[in-house]
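Tertiary structure, described
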Amino acid sequence: MSKKHNWYIAGTCLVGVAIGIVFCGAFSNVMHWAGSTQFCGEFCHSMDVTYAAYKKGLHYNTRSGMHAGCSDCHLLNYANEHNNPIEYTAMLLDKANAGTHSLIGEIQGSLSTPEKQIAERERMAKHVREQMKERDFSNCRACHDVTAMNNPKKKMISKFHQKMTVDAEPKVDCVACHKNAGHDYNAAQAEIDAIVAASKK
C-alpha cells in the first residue's frame, strides 16, 4: 500500500470525524432548543394560553429563582439529565411522540386560536395527568426527593411526604394536592383575556 493511499485514508477518516463532531454538536443544539421552555411557550403559538398559565405557576415563580421547564415535567427522563444512553434514547422517542402530536395539532388547527386552546384545556390536562400517573410521577421525583424532605417549621408535612416513595400504596398523585404547581389558570386570567382580545383584532 503506497504512502499516498495511506494519506488518503487518513484524510478521509479525519474529514469523517470532523463531520461527525459538527453533526453531533448541531443535533445536540437542536434537541436542546426544541426542548426549551422558550420553544414550547413562545415559538409554538398553540401553547399561548398554557404558557401564560405556566408563568403564573409555582414551578416558574420560585423562591430560589430556579424553575422547572416544560420538558422537565412533560418529557420522560428529562429532569434527571438522562444519565445513560438508554434513558437518553427513551427521552428522544418520547420527544418524537409528543412532537408528532403537536405537529398534527398544528396542521389540523385544533389549537390555532386561544378559544380552541381554552376549550381543549381539560382534555389535555386529563391526558397529561394520566401519563404522569402511568410514570408514577417520575418527573416530579427527579427533582423532588421526598425521602430527604426536611422542613423544621412544617415537620408534619415533611413526614407526610417521606412516605410517598415509589412503592407507596396507594399510588401517589402529586397533582391531587399540587394543582397549580405547573400551571395556574386562575392567576393568569388577566393575561389569558388579553391573549384572547389580541387574537380578535
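A brief look at the structure comes next.

What counts and how
- Residues numbered from 1 in each chain as written.
- Predicted model: local features only at pLDDT ≥ 70, side-chain atom pairs only at ≥ 80, totals over all residues.
- Heavy atoms only, no water.
- Phe/Tyr/Trp six-rings, centres within 6.5 Å; stacked < 30°, edge-to-face > 60°.
- Helix = DSSP H or I, 4+ residues; strand = E, 2+ residues; numbered from the N terminus.
- Buried < 20%, exposed > 50% of the residue type's maximum accessible area, 1.4 Å probe, protein only.
- Salt bridge = Lys/Arg side-chain N within 4 Å of Asp/Glu carboxyl O.
- Expected span 1.5 Å × (residues − 1).
- Polar contact = N/O pair within 3.5 Å; in protein donor to acceptor, adjacent residues only side chain to side chain.
- Axes fitted to C-alpha atoms, helices over the stretch in contact; angles between N-to-C directions.
- Parallel < 35°, antiparallel > 145°, perpendicular 65-115°, else oblique.
- Contact = heavy atoms within 4.5 Å.
- Disulfide = S-S within 2.5 Å.
- Core = buried A, V, L, I, M, F, W, Y, C linked by side-chain atoms within 4.5 Å.

A few words now on the packing of aromatic side chains. The tally for this structure, following the rule as stated, stands at 6 aromatic pairs. With 5.1 Å between their ring centres and 20 degrees between their planes, Phe39 and Phe43 make a pair best called stacked. Remark: Phe43 and Phe39 occur in helix H2 (residues 37–43); sequence separation between them is 4 residues, near one turn of the helix. Overall, the relative accessible area of 22% leaves Phe39 in the partly exposed class. For Phe43, a relative accessible area of 53% puts it in the exposed group. When the centroid spacing of 6.1 Å and the interplanar angle of 20 degrees are considered together, the rings of Tyr51 and Tyr54 count as stacked. With Tyr51 and Tyr54 both in helix H3 (residues 48–54) and 3 residues apart, the pair spans about one turn of that helix. Of the two residues examined, Tyr51 and Tyr54, each falls in the buried class.

As a further point, take the pattern of salt bridges. Under the definition given, this model contains 9 salt bridges. With its nearest N and O atoms 3.9 Å apart, the salt bridge here joins Lys200 to Glu115. Of this pair, Lys200 sits in the segment after helix H10 (189–199) while Glu115 sits in helix H6 (residues 114–134), and the two are 85 residues apart along the sequence. In this structure, Glu130 and Lys133 form a salt bridge, with 3.9 Å as the shortest nitrogen-oxygen distance.

For the rest of this paragraph, the subject is helix H5 (residues 85–108). Its 24 residues give H5 an end-to-end C-alpha distance of 34 Å, which sits within 8% of 34 Å, the value for a rise of 1.5 Å per residue. Within H5, burial applies to Met91, Asp94, Lys95 and Gly105. Between a side-chain oxygen at the N-terminus of H5 and the backbone nitrogen of Ile86 the separation is 3.0 Å; the capping residue is Asn84. Positive phi appears at Gly109, one or two residues downstream of H5, with a value of about 80 degrees.

In this section: the packing of H6 against H10. Each pair of packed helices can be summarised by the angle the axes make with each other and by the distance between the axes. Between H6 and H10, the least distance of the axes is 9 Å, while the angle of their chain directions is 140 degrees. Overall, the two elements H6 and H10 adopt an arrangement that is oblique. Across from Pro114, Glu115 and Ile118 in H6, the residues of H10 making contact are Ile192, Ile195, Val196 and Ser199.

Right, let's talk about the state of the cysteines for a bit. Considering all chains together, one arrives at 0 disulfides under this definition. The cysteine Cys70 is free of any disulfide, with Cys40 supplying the nearest cysteine sulfur at 4.2 Å.

On to the nonpolar core. Of all hydrophobic cores here, the largest spans 7 residues; its members are Val49, Ala52, Ala53, Tyr185, Ala188, Ile192 and Val196. Secondary-structure elements contributing two or more residues to this core are H3 and H10. Broken down by element, the residue count for this core peaks at 3 residues, all from H3. When residues no more than four places from it in sequence are discounted, the contact partners of Ala53 are Gly182, His183, Asp184, Tyr185 and Ala188.

To continue, consider unusual backbone geometry. Keep in mind that most residues, glycine aside, have a negative phi and that most peptide bonds are trans. Of note, the bond from Glu169 into Pro170 is cis; its omega dihedral lies within 30 degrees of zero at -5 degrees. Relative to the elements of secondary structure, Pro170 occurs in the loop between helix H8 (155–162) and helix H9 (174–177). Positive phi, normally seen in glycine, also occurs at Phe137, with a value near 50 degrees. Following the sequence through the fold, Phe137 ends up in the loop between H6 and helix H7 (138–143).

For Ser158, the position within the fold is in helix H8. Under the relative-accessibility criterion, Ser158 is labelled buried at 5%. A distance of 2.8 Å separates a polar atom in the side chain of Ser158 from the backbone nitrogen of Asn151. The contacts of Ser158, once residues within four sequence positions are left out, are Met149, Asn150 and Asn151.

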